[in-house]
Amino acid sequence: MAPLLCLLILSAAFLSVANTGKAATCSDCFIQSRAAYYPNSDVQGTATGRCGYGTFGATINGGDVTAASDLYRDGIGCGACYQVRCTNSKYCSDKGVTVVITDHGSSANTDFILSRRAFARMAQTTDAAASLIALGIVDIEYRRVSCSYLYKNITIKIDENSNYPHYLAFVIFYQQGKRDITAVQLCETKNLVCKLLDRSYGAIWTTTSPPSGPLSIGMLFSDDDGEEKWVVPVNNIPESWKAGDTYDSGVQVNA
Ligand SMILES: *[C@@H]1O[C@H](CO)[C@@H](O)[C@H](O)[C@H]1NC(C)=O
């Protein structure tokens, strides 16, 4: 073998060794697992999912939603998107389906319990989809991908359990990209009095005695390299916010 070629192979081998540390957390790599689907009649997602999205939990991402077990991560995983594809080449497409986590749950060693709709969308054809549905639980592989919501800004919905002006609870959804929201800061916009909020469960952030006046909801986005970035919405929550209302933040994040 020519010495130069030898050297090239050696350095390639060295590079792949140097890369193995990264491979363990490689965010583009597929991970082997299993998936089931919701046994109930909901073809789409569920309005009672543990992320607290309410009715949005059933319709977000066109109903391509999922419950996650470990990936739920005490609620931090809510809103994260995953490409999930089944591995039986007879029935399954290469692309699979992209789902959003809206709920917490597992069944028989699964990482995902998909909406029935999303489960069927992993198939190549409608006939293949019927076969997948009949199997109930299938081998899959998955990886985290960016969420994409065309023409949507990050949106804040005041939870129905809020009680103006004493108790404020809200969910944040439609965030694009691959980052987690790991902290939320609520600021009153006149005197800039701010407080960090608690994640009560799922994607729900709460505070008792919120400041009065228009409110700004700052969000800390963290990626899997630990890089963090505060995003402050363009639009404020109006002073007289109402339980059940949704507010467009006027901002979106990417990647
Ligand atoms: C998103 O917010 C911007 C303002 O920052 C606004 O111009 C735009 O209309 C909003 N998009 C949607 C779809 O509401």
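Residues numbered from 1 in each chain as written. Predicted model: local features only at pLDDT ≥ 70, side-chain atom pairs only at ≥ 80, totals over all residues.

1. Notes on unusual backbone geometry
Link 1 in the chain: Looking along the chain, the bond that leaves Y164 and enters P165 is cis, with omega of -5°.
Link 2 in the chain: You will see that R73, though not glycine, has its phi angle at about 45°, which is positive.
Link 3 in the chain: Here R73 is to be found in the loop between β2 (65-68) and β3 (81-86). (Helix = DSSP H or I, 4+ residues; strand = E, 2+ residues; numbered from the N terminus.)

2. Points about the site of the ligand
Link 1 in the chain: In the vicinity of the ligand, the residues found are Y151, K152, N153, V234, D248 and G250.
Link 2 in the chain: Each residue belonging to the shell around the ligand can be placed in one class, and the counts come to two nonpolar, two polar and two charged. (Near = placed C-beta within 6 Å. Nonpolar A, V, L, I, M, F, W, Y, C, P; charged D, E, K, R; others polar.)

3. Observations regarding the sheet that holds strand β13 (residues 215-222)
Link 1 in the chain: Taken in spatial order, the four strands of this open sheet run β10-β9-β13-β14, and their pairing is antiparallel. Looking at which strands have only one partner, the edges of the open sheet turn out to be β10 (194-196) and β14 (228-231). Averaged over all pairs of adjacent strands, the angle between strand axes in this sheet comes to 25°, irrespective of strand direction. (Pairing = 2+ DSSP bridges. Axes fitted to C-alpha atoms, helices over the stretch in contact; angles between N-to-C directions.)

4. Digging into the confidence of the model for the protein
Link 1 in the chain: In the predicted model, the protein carries a mean pLDDT of 88, and the fraction of residues at 70 or more is 89%.
Link 2 in the chain: Here helix α1 (residues 3-23) stands out as the least confident element of the protein, with mean pLDDT 42; β3 is the most confident, with 98.
Link 3 in the chain: In the predicted structure, residues 1-23 sits below a pLDDT of 50 and forms two contacts with residues beyond four places in sequence or in another chain. (pLDDT = per-residue confidence, 0-100. Contact = placed C-beta atoms within 7 Å.)

5. Considering the environment of V97
Link 1 in the chain: Residue position: V97 is located in strand β4 (residues 97-104).
Link 2 in the chain: Taking the C-beta count within 10 Å as the criterion, V97 has 24 such neighbours and is therefore assigned buried.
Link 3 in the chain: Taking C-alpha positions, V97 is 6.4 Å from A118, a pair spaced 21 residues apart along the chain.
Link 4 in the chain: Here V97 is in contact with D64, V84, A118, R121 and M122, once residues within four sequence places are set aside. (Buried ≥ 20, exposed ≤ 12 C-beta atoms within 10 Å, placed from the backbone.)

6. What to know about the pairing of strand β7 (residues 155-158)
Link 1 in the chain: Pairing geometry for β7 and strand β15 (residues 246-248), over three bridges, is antiparallel. Paired with K157 across the strands is T246, a residue of β15.
Link 2 in the chain: Looking at chain direction, β7 and strand β8 (residues 167-173) are connected through four bridges and run antiparallel. Across the sheet, residue K157 finds its bridge partner in β8, namely V171.

7. So, the sheet that holds strand β1 (residues 31-37)
Link 1 in the chain: If you trace the six strands once around the closed barrel, you get β1-β5-β2-β4-β3-β6, paired in mixed fashion. If you compare each strand with its neighbour and ignore which way they point, the axes differ by 45° on average.
Link 2 in the chain: Where β2 lies against strand β5 (residues 112-114), three bridges are found, and the strand directions are antiparallel. Looking across to β5, one finds that A68 is bridged to F112.

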